[in-house]
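So you can see what is in the structure, the chains are spelled out below.
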Amino acid sequence: MESKLRVQKLNSLIQELLGTILPNYIGHIPSLATVTQVVVSGDLRHAKVWLSILGKDQELILKTLGQNIYDIQGDLNKNLPMKVLPRLEFKLDTAPEYA
């Protein structure tokens, strides 16, 4: 039970931190990107980051994030006091399109 709570807290913390880190890398693109959800694996080694992107530059934003993944992970590591940082994987959240 304690492990689930830890993962939930980590999900929330990473989502909050990425909300402040990502604009540094994609702020020049005229679209709105929001971190809608972060799902960290049970072993804390991997994290899927779901993004909702409003605008026509969805592929450009995902490509830009992919090119800067090591810098983003580095910024996250500076703000997250953990020995092993989950490896980030950005995914497009398409749920708002169908709402």
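Refer to the structure printed above.
Residues numbered from 1 in each chain as written. Predicted model: local features only at pLDDT ≥ 70, side-chain atom pairs only at ≥ 80, totals over all residues. Heavy atoms only, no water.

Caption draft 1: Region of the structure containing the pairing of strand β1 (residues 32-40). Note that β1 and strand β2 (residues 46-54) share eight bridges and pair antiparallel. Pairing of Gln37 across the sheet is with Trp50, part of β2. The turn joining β1 and β2, which pair antiparallel and follow one another in sequence, is formed by five residues; a positive phi near 65° is taken by Leu44. (Pairing = 2+ DSSP bridges. Helix = DSSP H or I, 4+ residues; strand = E, 2+ residues; numbered from the N terminus.)

Caption draft 2: Just the nonpolar core, in detail. Membership of the largest hydrophobic core comes to 27 residues, with the highest contact counts inside it found for Leu22, Ile72, Leu88 and Phe90. Listed by contribution, the elements that provide at least two residues to this core are α1 (2-21), α2 (23-26), β1, β2, α3 (58-67), α4 (69-79) and β3 (87-92). Among the elements that line this core, the one with the most residues is α1, at six residues. Contacts of Leu22, omitting those with residues within four sequence positions, involve Val35, Leu51, Leu65, Ile72 and Phe90. (Core = buried A, V, L, I, M, F, W, Y, C linked by side-chain atoms within 4.5 Å. Buried < 20%, exposed > 50% of the residue type's maximum accessible area, 1.4 Å probe, protein only. Contact = heavy atoms within 4.5 Å.)

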